[in-house]
Amino acid sequence: MGSRNSALPDAPAATRVLGHDDDEPLLARLARRLRKLRAERGMTRRQLAEQSGVSLPHIARIEGGEGNVSVLLLDKLAQALNCPLAEVVADDRAGDEIALINEFLHRQPAQRLGTIRHWLVEEFATAPEAGDRRIALVGLRGAGKSTVSALLAKRLDLPVVELNREIEREAGLKVHEIFTLYGQTGFRQFERRCLERVLAQHRSLVLATAGGIVAERPTYELLLRHCTTVWLKAAPEAHFARVAGQNDARIANQRLRREALNNINRTLTAREDLYRMANLCVDTTGLSPEAVAREIAARLTK
Ligand SMILES: Nc1ncnc2c1ncn2[C@@H]1O[C@H](COP(=O)(O)OP(=O)(O)O)[C@@H](O)[C@H]1O
Ligand SMILES: O=C(O)C1=C[C@@H](OP(=O)(O)O)[C@@H](O)[C@H](O)C1
Ligand SMILES: [Mg+2]
């Protein structure tokens, strides 16, 4: 195990990554939200109790920050307030505007949302400076991110960065050691921090991301905003065969192999819509890594 040269990222960054707001404990937030939603509707506690079927003392406890309610009870309150359950515990510090924008977006057809996101980024995100060229490869383990990024970087005469190596350097640990010691959560915090640093350091590069980067919304949003992203797509069997070819100890016997293939199937299915958000998709089936790099370079100049 390597020596640690850095502590875990600071709490605020960590909680941002997790989408949690540790500044305000959940029950206190629930209390504040409930009081606000009720007041906005001009409802008394008694009225809310009558409409929801939740007892008055119980509502008083919740609004006092002491009621650790069940999900079903929360749903009763949300129904009486005529708002989505998630709103009752929402982090509303961004204010009412974001709630209305959310509402508007929810009303749009799903297939239009990608276009809306692109418009928003183009209109409001800081425009890339002239000459900036950040290309990031995404995809599941075995997609070819590491192999192809090196070939593509050579082809385009750009530096190549492997995010997993940056994370290892920052943590002073190997990826699997970070998972063992800090869990998925800790790894994702390092990942976020390293991505921020890499983006700040490189205006042009080819970046091999870590396979799960798409699962962490704030991190993936950052990546999509700053890079031309390329999804290296492959069938689950191809992912499996390639990872197996790397002699991974985790698939050393028949049972582990079956589990690994199931895991690949499950993860790929769950992440497919996220990988699809990348700017380009290259189906790597039947293509050599060199051919994949050539294809990406050709598509980037189109
Ligand atoms: N298009 C491809 N066709 C066949 N094998 C590939 C292809 N891309 C990568 N490989 C091989 O698959 C393995 C995993 O590739 P790697 O670049 O490490 O993937 P990732 O970084 O996405 O996990 C390596 O042994 C690599 O040589
Ligand atoms: O898919 C994932 O969740 C992960 C993929 C790995 O990266 P590679 O895809 O580069 O192997 C590594 O970051 C970590 O084990 C988590
Ligand atoms: Mg890799």
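Residues numbered from 1 in each chain as written. Chains lettered and ligands numbered in written order. Predicted model: local features only at pLDDT ≥ 70, side-chain atom pairs only at ≥ 80, totals over all residues. Heavy atoms only, no water.

A look at the overall build of the protein
Moving on, step 1. Regarding its fold elements, the protein presents 15 helices and five strands.
Moving on, step 2. A principal-axis box enclosing the C-alpha atoms of the protein has dimensions of 70 × 45 × 40 Å.
Moving on, step 3. For the protein, with 302 residues in total, the buried portion stands at 39%.
Moving on, step 4. Intrachain contacts of the protein at a sequence separation of at least 6 include 73% that bridge at least 24 residues.
Moving on, step 5. Surface exposure of the protein reaches about 17200 Å², of which carbon and sulfur atoms provide 53%.
Moving on, step 6. Averaging the locations of the 45 positively and 38 negatively charged side chains of the protein gives two centres separated by 4 Å. (Helix = DSSP H or I, 4+ residues; strand = E, 2+ residues; numbered from the N terminus. Buried < 20%, exposed > 50% of the residue type's maximum accessible area, 1.4 Å probe, protein only. Contact = heavy atoms within 4.5 Å. Areas by Shrake-Rupley, 256 points an atom, 1.4 Å probe, with all protein chains shown as cover. Lys, Arg positive; Asp, Glu negative; His and termini not counted. Charge placed at Lys NZ, Arg CZ, Asp CG, Glu CD.)

Some remarks on the pairing of strand S4 (residues 228-233)
Moving on, step 1. Across four bridges, strand S1 (residues 133-138) lies against S4 in parallel orientation. Across the sheet, Val138 pairs through a bridge with Trp231, a residue of S4.
Moving on, step 2. Summarising the sheet, S4 and strand S5 (residues 280-283) pair through four bridges and their orientation is parallel. The residue bridging Trp231 from the neighbouring strand is Cys281, located in S5. (Pairing = 2+ DSSP bridges.)

Examining the packing of aromatic side chains
Moving on, step 1. With the rule as written, the count across this model stands at three aromatic pairs.
Moving on, step 2. Between Phe179 and Phe187 the ring centres are 4.7 Å apart and the planes differ by 35°, which places this aromatic pair in the tilted class.
Moving on, step 3. With relative accessibility at 32%, the residue Phe179 sits in the partly exposed group.
Moving on, step 4. Judged by relative accessible area, Phe187 falls into the buried class, the value being 2%. (Phe/Tyr/Trp six-rings, centres within 6.5 Å; stacked < 30°, edge-to-face > 60°.)

Focus on the site of ligand 2
Moving on, step 1. Close to ligand 2 lie Arg141, Lys145, Asn164, Val175, Phe179, Phe187, Arg188, Ala210, Gly211, Gly212 and Arg271, which account for all nearby residues.
Moving on, step 2. Here an oxygen atom of ligand 2 sits 3.1 Å away from a polar atom, N or O, in the side chain of Arg188.
Moving on, step 3. Here ligand 2 has 380 Å² of accessible area as a free molecule, and 80% of this is covered by the chains.
Moving on, step 4. Here the element with the most residues in the shell around ligand 2 is helix H11 (residues 175-201); it accounts for four residues.
Moving on, step 5. In the shell around ligand 2, the residues fall into four nonpolar, three polar and four charged. (Near = heavy atom within 4 Å. Polar contact = N/O pair within 3.5 Å; in protein donor to acceptor, adjacent residues only side chain to side chain. Nonpolar A, V, L, I, M, F, W, Y, C, P; charged D, E, K, R; others polar.)

Thoughts on helix H4 (residues 56-63)
Moving on, step 1. Among all positions of H4, only Ile59, Ile62 and Glu63 are buried. Down the axis of H4, the sector holding all buried residues measures 95°, keeping them to one side.
Moving on, step 2. Contacts from the buried residues of H4 go to helix H2 (26-40), helix H3 (45-52) and helix H5 (71-81).
Moving on, step 3. Of the residues trailing H4, Gly65 is marked for its positive phi of about 80°. (Arc of directions from axis to C-beta.)

Describing the side chain of Arg134
Moving on, step 1. Residue position: Arg134 is located in strand S1.
Moving on, step 2. One buried charged side chain, Arg134, makes no salt bridge at all; its nearest oppositely charged neighbour is Asp132, positioned 4.2 Å away.
Moving on, step 3. Among residues more than four places away in sequence, those in contact with Arg134 are Leu199, His202, Arg203, Ser204, Leu205, His226, Cys227 and Thr228. (Salt bridge = Lys/Arg side-chain N within 4 Å of Asp/Glu carboxyl O.)

Side note on the site of ligand 1
Moving on, step 1. Near ligand 1 there are 14 residues, and of these Gly142, Lys145, Ser146, Thr147 and Leu287 occur at the shortest range.
Moving on, step 2. Between ligand 1 and the protein, one listed contact pairs an oxygen atom with a side-chain N or O atom of Thr147 at 2.5 Å.
Moving on, step 3. The separation between a nitrogen atom of ligand 1 and a polar main-chain atom of Leu287 is 2.8 Å.
Moving on, step 4. Within the complex, 75% of the 560 Å² of free accessible area of ligand 1 lies under protein.
Moving on, step 5. Looking at the shell around ligand 1, the elements that each hand over two or more residues are helix H9 (145-156) and helix H15 (289-301).
Moving on, step 6. For the shell around ligand 1, the element with the highest residue contribution is H9, accounting for three residues.
Moving on, step 7. Among the residues forming the shell around ligand 1, the class breakdown is five nonpolar, six polar and three charged.

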